[in-house]
Amino acid sequence: VDWWTRLGSPELNEAVQMALDNNWSLAAARANLAKAGQMVQAASGGLYPQIDALGSLERRAYGPYFLGPSAFTFPTFSAYTGGIGVSYDLDIFGGTHRRIELAAADAQVQAEALNAAKLAVASGTVLTALEIASTRANIAAVNDVIASDQKTLDLVLAARRIGVASEMDVTSSQSQLDRDRAQQPKLQQALDMAQDALAVLAG
């Protein structure tokens, strides 16, 4: 079971799966692993006989110098030759086996690199998604505080009009509202950056 599924969020599972399917770094890692696998196959081919098909076609005409005076009437004809060449490397000094081992080791390295990239993408996606959720919750909380500040300011302004509150009370309430509103741009910027990061992770 993938560790992030234990968080019990279908939306998070979908986001992680999308990142694993479409992330550019993972695509490159998969390509490197496939290439390494092909190199292993190519190196292993050196253990088996190599067969080459040979063939040629040429036009010939034999003259009197070859078949006598009457041969000048013989027409030109086509001559075909063909054959099969077989070669085999005995690998007495183990060079082929060393190349196979080297290619296999590189394939293993690429496989581990792919696993590491998957882990990095999955964990990065989870952390970024959690950051987005946390920032959204903070934005909602700040909006509630701002709404409360606005009500407080309205009440203080009403009290000031009837002489119950002072101008200092109005200034204090207005300052509190302004300070809380100042948090909104920073939180929105943090949310935008996290969303951009998630988009990059998801390819």
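Draft legend 1. Here's a closer look at the overall build of the protein chain. Check the secondary structure of the protein chain and you find 6 helices and 2 strands. Traced from its N-terminal end to its C-terminal end, the protein chain shows the element sequence α-α-β-α-β-α-α-α. The buried share of the protein chain, reckoned over its 203 residues, is 25%. Considering only residue pairs separated by 6 or more positions, the protein chain has 72% of its internal contacts joining residues 24 or more positions apart.

Draft legend 2. Local environment of the packing of aromatic side chains. With the rule as written, the count across this model stands at 1 aromatic pair. Look at W3 and W4: their rings are 5.7 Å apart centre to centre, the planes differ by 85°, and that puts the pair in the edge-to-face class.

Draft legend 3. Broad picture of the packing of helix α5 (residues 167-181) against helix α6 (residues 183-201). Where α5 contacts α6, the two axes come as close as 4 Å, and the packing angle between them is 10°. Comparing the axis directions of α5 and α6 gives the class roughly parallel. Here R179, D180 and R181 of α5 lie close against α6, whose contacting residues are Q183, Q184 and P185. Classifying every residue of the contact of α5 with α6 by side-chain character gives 1 nonpolar, 2 polar and 3 charged.

Draft legend 4. Spatial organisation of the side chain of D180. Topologically, D180 is positioned in helix α5. Among buried charged residues, D180 stands out as having no salt bridge; its nearest opposite-charge side chain is R179, 6.0 Å away. Excluding residues within four positions of it along the chain, D180 makes contact with V142, V145, I146 and D149.

Draft legend 5. Just the pattern of salt bridges, in detail. Across all of its chains, the model carries 1 salt bridge by this definition. The salt bridge partner of R160 is E167, with a shortest N-O separation of 3.3 Å. The class of R160 is partly exposed, set by a relative accessible area of 35%.

Draft legend 6. Main features of α5. If you check α5, its first and last C-alpha atoms are 21 Å apart, about what 15 residues at 1.5 Å a residue would give, namely 21 Å. Buried within α5 we find V170, S173, L177 and D180. Considered in projection along α5, the buried side chains sweep an arc of 100° and stay on one side of the axis.

Draft legend 7. Seen up close, the environment of D149. Tracing the sequence through the fold places D149 in helix α4 (residues 95-161). Of the residues examined, D149 reaches a relative accessible area of 11% and is grouped as buried. Along the sequence, D149 and Q174 sit 25 residues apart, while their C-alpha atoms lie 8.1 Å from each other. Apart from residues lying up to four places away in sequence, D149 is in contact with Q176, L177 and D180.

Draft legend 8. Region of interest: the environment of A31. Within the secondary structure, A31 is located in helix α2 (residues 24-44). A relative accessible area of 45% means that A31 is categorised as partly exposed. In this structure, the C-alpha to C-alpha distance between A31 and Q110, residues 79 residues apart in sequence, is 9.5 Å.

Draft legend 9. Quick peek at α6. With 19 residues, α6 extends 27 Å from end C-alpha to end C-alpha; this agrees with the ideal 27 Å at 1.5 Å per step. Restricting attention to buried positions, one finds in α6 the residues L187, L191, A194 and L201. Axial view of α6: buried residues confined to an arc of 85°, hence all on one face. Facing away from the buried surface of α6 by more than 90 degrees, the exposed residues are P185, Q189, M193, D196 and V200. Phi turns positive, to about 75°, at G203, one or two residues after α6.

Draft legend 10. Spatial organisation of the side chain of T128. When you line up the elements, T128 lands in helix α4. Taking relative accessible area as the criterion, T128 reaches 11% and is therefore assigned buried. Dropping the residues within four chain positions of it, T128 is found in contact with A194, A197, L198 and L201.

How each quantity is defined
Residues numbered from 1 in each chain as written. Predicted model: local features only at pLDDT ≥ 70, side-chain atom pairs only at ≥ 80, totals over all residues. Heavy atoms only, no water. Helix = DSSP H or I, 4+ residues; strand = E, 2+ residues; numbered from the N terminus. Buried < 20%, exposed > 50% of the residue type's maximum accessible area, 1.4 Å probe, protein only. Contact = heavy atoms within 4.5 Å. Phe/Tyr/Trp six-rings, centres within 6.5 Å; stacked < 30°, edge-to-face > 60°. Axes fitted to C-alpha atoms, helices over the stretch in contact; angles between N-to-C directions. Parallel < 35°, antiparallel > 145°, perpendicular 65-115°, else oblique. Nonpolar A, V, L, I, M, F, W, Y, C, P; charged D, E, K, R; others polar. Lys, Arg positive; Asp, Glu negative; His and termini not counted. Salt bridge = Lys/Arg side-chain N within 4 Å of Asp/Glu carboxyl O. Expected span 1.5 Å × (residues − 1). Arc of directions from axis to C-beta.

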